[in-house]
Each structure stands twice: as structure tokens, then as C-alpha cells.
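A look at the structure
In case you want the letters, here they are:
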Amino acid sequence: MSDPLSHWNQVYRESRPEATSWYEDSPLLSLDLLERSGLTADTSVIDVGAGRSPLGSALIARGLHDVSALDISSEALAQLDDAGDTLQRIVADVTTWEPPRQFDRWHDRAVLHFLTPRDAQAYRNVLLTALVPDGRVVIGVFSTSGPEACSGLRVTRYDERSLEEFMGVEFEFLETLRHTHLTPWGAPQDFLWILAQRRT
Ligand SMILES: C[S@@+](CC[C@H](N)C(=O)[O-])C[C@H]1O[C@@H](n2cnc3c(N)ncnc32)[C@H](O)[C@@H]1O
């Protein structure tokens with residue numbers, strides 16, 4: 001396999017949105033969980049591994065003015081709807097990123113499951129640096145009944161226990177739910193979603 005940066009840039013250069021399994025018209029579940037985490041216009045949100053997701057522009061349309069989209073692929077972020085140029089784009093590998101500031105909310109749909117155990121630990125360290133002390137996270141990963149691979153890459157699947165173990169004592173799970181995403185060609189993909197609160 002090519003390195004992750006080349007892999008993802010190639011995917012976004014060569015595939016239309018509807019040709020990628022993770023495509024969704026509207027990020028309804030992400031918006032719902034973020035809404036349930038408590039949002040005001042002043043809540044800062046970072047979407048890590050945002051890809052071409054419309055989540056950032058939906059949050060801006062919802063009235064938030066401090067929304068960031070981070071992805072390893074500059075190609076993906078260049079294709080994002082910029083919602084009037086207010087969406088902040090960060091090209092970075094989430095496992096090595098050094099956050100220059102903190103955020104109230106951390107959102108990840110379908111990124112953590114691509115990471116090896118070592119990279120996942122690095123992700124957790126970055127999360128702990130990037131999140132405010134009483135911040136909340138919304139994370140969606142393939143569940144143990146989900147796919148074993150995606151975009152040609154092997155994934156790590158999680159259940160409630162392994163995800164709670166991974167997140168560690170710093171986080172209290174407020175909600176967990178299972179959701180089946182349907183790819184644009186109708187294939188089911190089982191996800192596990194969490195809304196978790198950082199313990200102060
Ligand atoms: C399956 S896509 C999901 C995209 C988006 N979250 C969505 O729901 O449409 C996975 C995304 O993670 C990004 N990604 C993979 N590894 C990454 C890393 N180490 N750091 C930052 N982004 C990464 C990819 O470029 C890709 O955009």
C-alpha cells in the first residue's frame with residue numbers, strides 16, 4: 001500500500017463523492033449527536049478526518065462561527081464546500097498534529113478505525129491536547145459487526161468495551177449507539193457511535 005497521505009489524496013483526486021462508501025447526503029447522525037452534546041453559536045468544533053463531509057458547512061449554517069475541518073488530504077479539503085470561507089481547514093495527520101489551540105467539541109466519523117494501535121494512542125494524546133477540560137467528543141467507528149476493510153485499508157473494529165477502554169478514564173460515555181450506514185450502492189456498514197464527556 002502507498003503511504004496514507006498518497007492513498008487518500010489519490011482517492012479524493014480520482015473518486016466522485018458518490019463513488020466512496022462513506023458518502024452521505026447529509027450528516028444527520030453527527031449533527032444530532034453534536035446537538036445533544038449542547039451547542040451554542042460560540043461552541044468551537046473540530047471535525048477530524050473531515051474529508052469532503054458537509055458537516056462543517058452544516059454547522060456554520062446552524063449558526064456556529066468557529067468550525068474547523070482537519071484532514072491528512074489537502075485534496076479532500078480543497079473540495080470542501082467552504083460555507084462562505086468561514087470554515088477553517090487544517091491539512092495535518094491527526095496522529096502527529098500539534099494543536100495550536102483547544103476546541104469545545106471533537107468529531108470523528110470513520111477515521112479512528114483506520115489507525116494502528118500505536119497511531120490510535122497518538123490520536124488519543126492529540127485529542128487530550130486539543131480538547132478543552134470539559135469538552136465533549138462524538139466518534140463513529142466501525143463496530144465489531146462492521147466491515148473489516150474500507151477504501152482498500154484494513155480497519156480495527158470496536159465494541160462498547162474496547163472503545164471505552166481505548167478512550168480511558170479521562171472520558172465518561174454519555175451515549176453509545178449502533179447505526180447502520182448504507183453506502184451509495186446500498187451495502188450496509190455497522191457503526192458504533194459515542195458521545196463522551198471529558199472528566200475534569
Ligand atoms: C472514510 S473517510 C471519512 C471522511 C468524513 N469523516 C466523512 O464522514 O465523510 C476517512 C477520512 O480520514 C482521513 N484520514 C485518514 N487518516 C488520517 C490521518 N492520519 N489524519 C487525518 N486524516 C486522516 C482521510 O483522508 C479521509 O478523509
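Structure's up top.
None of the values given here were measured: they were computed from a predicted structure.

Turning to the nonpolar core, a few remarks are in order. Side chains of nonpolar character tend, in soluble globular proteins, to be buried together. In terms of nonpolar packing, the biggest core is built from 31 residues, with Trp8 and Leu59 touching the most fellow members. Counting only elements with at least two residues in this core, the list comes to helix 1 (4-14), helix 2 (28-36), helix 3 (55-61), strand 2 (67-71), helix 4 (74-78), strand 5 (131-142) and strand 9 (188-198). Beyond its immediate chain neighbours, meaning those up to four positions away, Leu59 contacts Leu31, Leu34, Leu39, Val45, Leu64 and Val67. Counting residues in each nonpolar core, the second largest holds 30 residues, with Ala92, Leu128, Val137 and Phe171 among its members.

This paragraph deals with helix 2. An α-helix turns once per 3.6 residues; consequently, residues spaced three or four apart project the same way. Within helix 2 the residues assigned to the buried category are Leu29, Ser30, Leu33 and Leu34. The buried residues of helix 2 all sit within an arc of 130 degrees when viewed along its axis, so they share a single face. Packed against the buried residues of helix 2 are helix 3, strand 4 (103-109), strand 5, strand 8 (171-182) and strand 9. Two residues or fewer past helix 2, Gly38 is found with a positive phi of approximately 95 degrees.

Across the sheet, seven strands lie side by side as 3-2-1-4-5-9-8; this open sheet has mixed pairing. Pairing within the sheet leaves two strands with one partner each, and these edge strands are strand 3 (88-91) and strand 8. On average, adjacent strands in this sheet sit at an angle of 15 degrees to one another, irrespective of strand direction. Sheet topology places strand 1 (residues 45-48) next to strand 2; four bridges connect them, and they run parallel. Across the sheet, the residue bridging to Val45 is Val67, located in strand 2. Here helix 5 (residues 117-130) sits on the sheet and contacts strand 1, strand 4, strand 5, strand 8 and strand 9; the angle it forms with strand 5, its principal contact strand, is near 145 degrees. Packing of helix 6 (residues 160-167) onto the sheet brings it into contact with strand 5, strand 8 and strand 9, and relative to strand 8 it is tilted by some 135 degrees.

To continue, consider the pattern of salt bridges. Under the defined criterion, the tally for this structure stands at 11 salt bridges. Salt-bridge contacts for Arg16 lead to Glu18; the nearest nitrogen and oxygen are separated by 3.4 Å. Given a relative accessible area of 55%, Arg16 falls into the exposed group. Its relative accessible area of 37% is what places Glu18 among the partly exposed residues. Between Asp32 and Arg36 there is a salt bridge; the shortest N-O distance is 2.5 Å. With a gap of four residues between them, Asp32 and Arg36 both fall in helix 2, about one helical turn apart. Its relative accessible area of 33% is what places Asp32 among the partly exposed residues. Using a relative accessible area of 39% as the deciding quantity, one classes Arg36 as partly exposed.

Thresholds applied
- Residues numbered from 1 in each chain as written.
- Predicted model: local features only at pLDDT ≥ 70, side-chain atom pairs only at ≥ 80, totals over all residues.
- Heavy atoms only, no water.
- Core = buried A, V, L, I, M, F, W, Y, C linked by side-chain atoms within 4.5 Å.
- Buried < 20%, exposed > 50% of the residue type's maximum accessible area, 1.4 Å probe, protein only.
- Helix = DSSP H or I, 4+ residues; strand = E, 2+ residues; numbered from the N terminus.
- Contact = heavy atoms within 4.5 Å.
- Arc of directions from axis to C-beta.
- Pairing = 2+ DSSP bridges.
- Axes fitted to C-alpha atoms, helices over the stretch in contact; angles between N-to-C directions.
- Salt bridge = Lys/Arg side-chain N within 4 Å of Asp/Glu carboxyl O.

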